[in-house]
Amino acid sequence: MEIVIVGAGVIGLGTAWRAAAGGAAVTLVDPSPASGASAVAAGMLTPVSELTYGEEPLLRLGLASRDRYGAFVAELEELTGLETGYRTDGLLQVAFDSDDLRYLDDLRRFQESLGIPAEALTGRECRRAEPMLAPGVRGGLLAPEDGSIDPRRLTAALLAAAARLGVRLVRRKAARIVVEGGAAAGVGLDDGTVLRADRVLLAAGPWSGDLDGLPPGIVPPVRPVKGQVIRLRTRVPFLRRTTRGLVRGSSVYLVPRADGEIVLGATQEELGFDTRVTAGGLWELLRDARELLPGITELEFAEVTAGLRPGSPDNAPVMGPTGLPGLFAGTGHFRNGVLLTPVSADILAAMLLDGPVPEVAGPFAPARFEVPA
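Here the structure is a predicted model, which is why all the values come from computation and not from measurement.

Participant: If you had to explain the packing of helix α3 (residues 56-80) against helix α6 (residues 151-164) to someone new, which residues and values would you point to?
Facilitator: At their nearest, the axes of α3 and α6 sit 9 Å apart, and the two run at 60° to each other. It follows that α3 is oblique to α6 by the angle criterion. For α3 against α6, the interelement crossing comes out left-handed. Contacts between α3 and α6 involve Tyr69, Phe72, Leu76, Leu79 and Thr80 from the former and Leu154, Ala157, Leu158, Ala160, Ala161 and Arg164 from the latter. Tallied by class, the residues present in the contact of α3 with α6 amount to nine nonpolar, one polar and one charged.

Shown next as structure tokens:
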């Protein structure tokens, strides 16, 4: 089986590794691997905190992926000898005022209605868990099974794992889909080279539908959603675990790394393909973070970045065969690309290799966006 994957972010890389392990000859096409949203992301593995009413199928997918992470990382690190920064020290969600606390209480009841335990904490208990929190924090929720990973280390390990299994990396831009006999037959590059393939996977985030040769409507529309992120650095212990706060209805999160880095994010902006870092975006993040953790203004400023999350019309992943035989989609993971990497890699590799597909994949087929004739 010859497979070409367009896009070498976490989803494309994870799928390439799994498909190559399944015996396929895999080629990855990306002019700048692991440099898009995967390089900007904070790496929260928090399916419960991302929960929204009506998104129960996405929650089940997120839980399935989080529960795969331990074995996924162990296999990856053993194969490559590279550390990924994987942590399982839980997630603390905190509320700044009484309205924020009511929202967290509603979320707790909703979680419990789905059979997901949630541990409610008082403000004092939150500060005992994270001593740097402001005295005014009203309360919170603890999700002890959640965690985090360093996406930059993860993609480096996935690139190494793919190379170990013979995946070919072509650092060119994909320009078109080659269609022959009514089916996808390969990918044409920007230098005129054609890569023949039995199957093609589009995993290029918001650029997945930009290739020439795609029949109209074959790939569901995936829009770019901008996220600005700040990386800070501390030489003394500051946070013990990933902490997410509500500040007057606005959400902010902080993800600590073992090396002293703290990732603060993220804005959510519908501005097309704009990746500018703005003073306003950074100010909003620092303003809200300071309300929760006043000491954050003493940390060293290390880096600011902006990336483009791929958002589908319903903000859920698009995974599976399209209406063009031989062409598959693996995009639209929005805020959850890093979290969903293990389960998405398993799902997409199984589809590409005609293997058994996990049941949780059902609600995320591209066909859900087809308009009846």
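There is more to say after this.
Participant: Describe the nonpolar core, naming the residues involved and giving the relevant values.
Facilitator: Ranked by internal contacts, the top residues of the largest apolar core, which has 45 residues, are Ile5, Val26, Leu61, Tyr69, Phe72, Leu76 and Leu154. At the level of secondary structure, the elements contributing two or more residues to this core comprise β1 (2-6), α1 (10-21), β2 (25-29), α3, α6 and α8 (341-352). Contact partners of Val26, with chain neighbours within four places excluded, come to Ile3, Ile5, Ala16, Ala19, Ala20, Gly166, Val167 and Arg168. Counting 26 residues, the second-largest nonpolar core is a separate cluster that includes Leu232, Ile262, Leu285 and Leu299.

Participant: Could you give an account of the sheet that holds strand β12 (residues 199-202), naming the residues involved and the relevant values?
Facilitator: In spatial order, the strands read β8-β2-β1-β12-β19-β18; together these six strands make up an open sheet with mixed pairing. Edge positions in the sheet fall to β8 (168-170) and β18 (318-321), since each of these pairs with one other strand and no more. Across the sheet, the axes of successive neighbouring strands diverge by a mean angle of 20°, strand direction being ignored. Pairing geometry for β18 and strand β19 (residues 327-331), over four bridges, is antiparallel. For Gly320, the partnering residue across the bridge sits in β19 and is Ala329. Along the sheet, α8 contacts β1, β12, β18 and β19; its crossing angle with β18, the most-contacted strand, is approximately 15°.

Procedures and definitions
Residues numbered from 1 in each chain as written. Predicted model: local features only at pLDDT ≥ 70, side-chain atom pairs only at ≥ 80, totals over all residues. Heavy atoms only, no water. Axes fitted to C-alpha atoms, helices over the stretch in contact; angles between N-to-C directions. Helix = DSSP H or I, 4+ residues; strand = E, 2+ residues; numbered from the N terminus. Parallel < 35°, antiparallel > 145°, perpendicular 65-115°, else oblique. Left-handed = near helix turned anticlockwise from the far one by under 90°. Contact = heavy atoms within 4.5 Å. Nonpolar A, V, L, I, M, F, W, Y, C, P; charged D, E, K, R; others polar. Core = buried A, V, L, I, M, F, W, Y, C linked by side-chain atoms within 4.5 Å. Buried < 20%, exposed > 50% of the residue type's maximum accessible area, 1.4 Å probe, protein only. Pairing = 2+ DSSP bridges.

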